[in-house]
Amino acid sequence: MEKFTLLKSSAVPLPIEDIDTDQIIPARFLKATTRDGFGDNLFRDWRFQPDGSPKSDFILNNPIYKGKILVAGRNFGCGSSREHAAWAIADYGFKAVISSFFADIFKGNALNNGLLPLTVSDLFLHKIFSTIESDPSSTIEINLENQSITISNTQDSETFEMDPYKKICLLNGYDDIDFLLSQKETIKKFEENRSFSFNPLI
């Protein structure tokens, strides 16, 4: 996976609460077994008419809003546990999703696929939406090392919590197997230095 250290980007606002995984990627597009191409159908039923033409009033079809950060309403990623939802968001080009609450399974799927689900307070989320509304070109800076997020225009900032293990993985671009391989020498030394006791009664 690509390393995630510092991200500074404009953002796409989607101020809708309870966005579930079927809205993120409808079930009829889950037949593929690889991660490629899912971004084409991200928010498919919101983005396109039945005939495939884009809906002009949907935010992803508005050229004013762009960037590598998606800002969404509370309770993002609820519903079914499909990992394809994280695949679709990442494949579209987003590196992070900001919300004031994420469904646990979606959050885990996102982290496992190099997508940062960043939880902020309701107040800070409101500040982000307000800033983007007044200036769509405004940027947000996410510093994973410091676990901080800053609205560049206003310099409003907030820290966020992060699982230490997942933080290491994102900073280094590791998946679970990559992490284990990175610890190969440490594991080897531990095994070499272990003392075994022999119990003849066992």
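Higher on the page you've got the structure.
Computed from a predicted structure; not experimentally measured.

What counts, and where the lines are drawn
Residues numbered from 1 in each chain as written. Predicted model: local features only at pLDDT ≥ 70, side-chain atom pairs only at ≥ 80, totals over all residues. Heavy atoms only, no water. Salt bridge = Lys/Arg side-chain N within 4 Å of Asp/Glu carboxyl O. Helix = DSSP H or I, 4+ residues; strand = E, 2+ residues; numbered from the N terminus. Buried < 20%, exposed > 50% of the residue type's maximum accessible area, 1.4 Å probe, protein only. Core = buried A, V, L, I, M, F, W, Y, C linked by side-chain atoms within 4.5 Å. Contact = heavy atoms within 4.5 Å. Polar contact = N/O pair within 3.5 Å; in protein donor to acceptor, adjacent residues only side chain to side chain. Pairing = 2+ DSSP bridges. Axes fitted to C-alpha atoms, helices over the stretch in contact; angles between N-to-C directions. Right-handed = clockwise from strand over helix to strand, strands pointing away. Expected span 1.5 Å × (residues − 1). Arc of directions from axis to C-beta. Parallel < 35°, antiparallel > 145°, perpendicular 65-115°, else oblique. Left-handed = near helix turned anticlockwise from the far one by under 90°. Nonpolar A, V, L, I, M, F, W, Y, C, P; charged D, E, K, R; others polar.

Colleague: Run through the pattern of salt bridges, naming residues and quoting values.
Modeller: Summed over the entire model, instances satisfying the criterion amount to five salt bridges. Here Arg 74 and Asp 122 are joined by a salt bridge, their closest N and O atoms 3.7 Å apart. Placement of the pair is Arg 74 in the loop between strand E2 (69–72) and helix H3 (84–92) and Asp 122 in helix H5 (residues 122–134), with a sequence separation of 48 residues. Classification of Asp 122 by relative accessible area gives partly exposed; the value is 47%. Of the charged contacts, one joins Asp 156 and Lys 127 as a salt bridge, the two residues approaching to 3.8 Å between their closest N and O atoms. Separated by 29 residues along the polypeptide, Asp 156 in the loop between strand E6 (148–151) and strand E7 (157–159) and Lys 127 in helix H5 bring together distant segments of the chain. Look at Asp 156 and you get partly exposed, because its relative accessible area is 27%. When its relative accessible area of 30% is taken as the criterion, Lys 127 is described as partly exposed.

Colleague: I'd like to hear about the nonpolar core, residue by residue, with values.
Modeller: Core analysis: the largest hydrophobic core is formed by 53 residues, its most contacted members being Phe 43, Val 71, Phe 76, Ile 98, Phe 106, Ile 142 and Ile 149. Ignoring sequence-local partners within four residues, the contact set of Val 71 consists of Ala 11, Val 12, Pro 13, Leu 14, Pro 15, Ile 98, Leu 125, Ile 128, Phe 129, Ile 132 and Ile 140.

Colleague: Explain the side chain of Ser 100 residue by residue, including any values.
Modeller: Positionally, Ser 100 belongs in the loop between strand E3 (96–99) and helix H4 (104–112). Judged by its relative accessible area of 7%, Ser 100 is buried. Within the structure, the side chain of Ser 100 is placed 2.8 Å from the side chain of Asp 122, a separation counted as a polar contact. Among all residues touching Ser 100, those that are not within four sequence positions of it are Arg 74, Thr 119, Val 120, Ser 121, Asp 122 and Leu 125.

Colleague: Help me get a handle on the sheet that holds E3, residues and values and all.
Modeller: As a general point, the strands of a sheet are linked pairwise by backbone hydrogen bonds and lie either parallel or antiparallel. Read across the sheet, seven strands follow the order E4-E3-E2-E1-E5-E6-E7 without closing on themselves; strand pairing throughout is mixed. Two strands in the sheet have a free side with no partner beyond their single neighbour: strand E4 (116–119) and E7. This sheet shows a mean twist of 25° between the axes of neighbouring strands, independent of strand direction. Where E2 and E3 come together, three bridges link them in parallel fashion. Its bridge partner being in E3, Ile 69 is matched across the sheet by Ala 96.

Colleague: Talk me through the environment of Thr 159; I want residue IDs and the actual numbers.
Modeller: Looking at where Thr 159 falls in the secondary structure, it is placed in strand E7. When the C-alpha atoms of Thr 159 and Ser 121 are compared, they prove to be 9.7 Å apart, with 38 residues separating the residues in sequence. What Thr 159 contacts, discounting residues up to four positions off in sequence, is Gln 147 and Ser 148.

Colleague: Now, about the pairing of E2: what can you tell me, with residues and values included?
Modeller: Residue alternation in E2 divides its side chains into two sets, Ile 69 and Val 71 and Leu 70 and Ala 72, and both sets are buried. Considered for its hand, the β-α-β crossover made up of E2, H3 and E3 is right-handed.

Colleague: Give a description of H5 that names residues and reports values.
Modeller: Since the α-helix advances by 3.6 residues per turn, residues separated by three or four positions end up pointing in the same direction. Given a rise of 1.5 Å per residue, 13 residues ought to cover 18 Å, and the 19 Å separating the end C-alpha atoms of H5 matches this to within 8%. Phe 124, Leu 125, Ile 128, Phe 129, Thr 131 and Ile 132 are the residues of H5 that are buried. On an axial view of H5, the arc spanned by its buried residues comes to 165°, and they lie on one face. Facing away from the buried side of H5 by over 90 degrees, the exposed positions are Leu 123, His 126, Glu 133 and Ser 134. Tucked into the core, H5 has its buried residues touching strand E1 (6–14), E2, E3, strand E5 (139–143), E6 and E7.

Colleague: I'd like a description of the packing of H3 against H4, backed by residues and values.
Modeller: At a minimum axis separation of 8 Å, H3 and H4 run at an interaxial angle of 50°. Overall, the two elements H3 and H4 adopt an arrangement that is oblique. Viewed along their axes, H3 and H4 form a crossing whose handedness is right-handed. The segment H3 lies against H4, with Ala 85, Ala 86 and Ile 89 engaging Phe 106, Asn 109 and Ala 110. Grouping the amino acids of the contact of H3 with H4 by side-chain chemistry returns five nonpolar, one polar and no charged.

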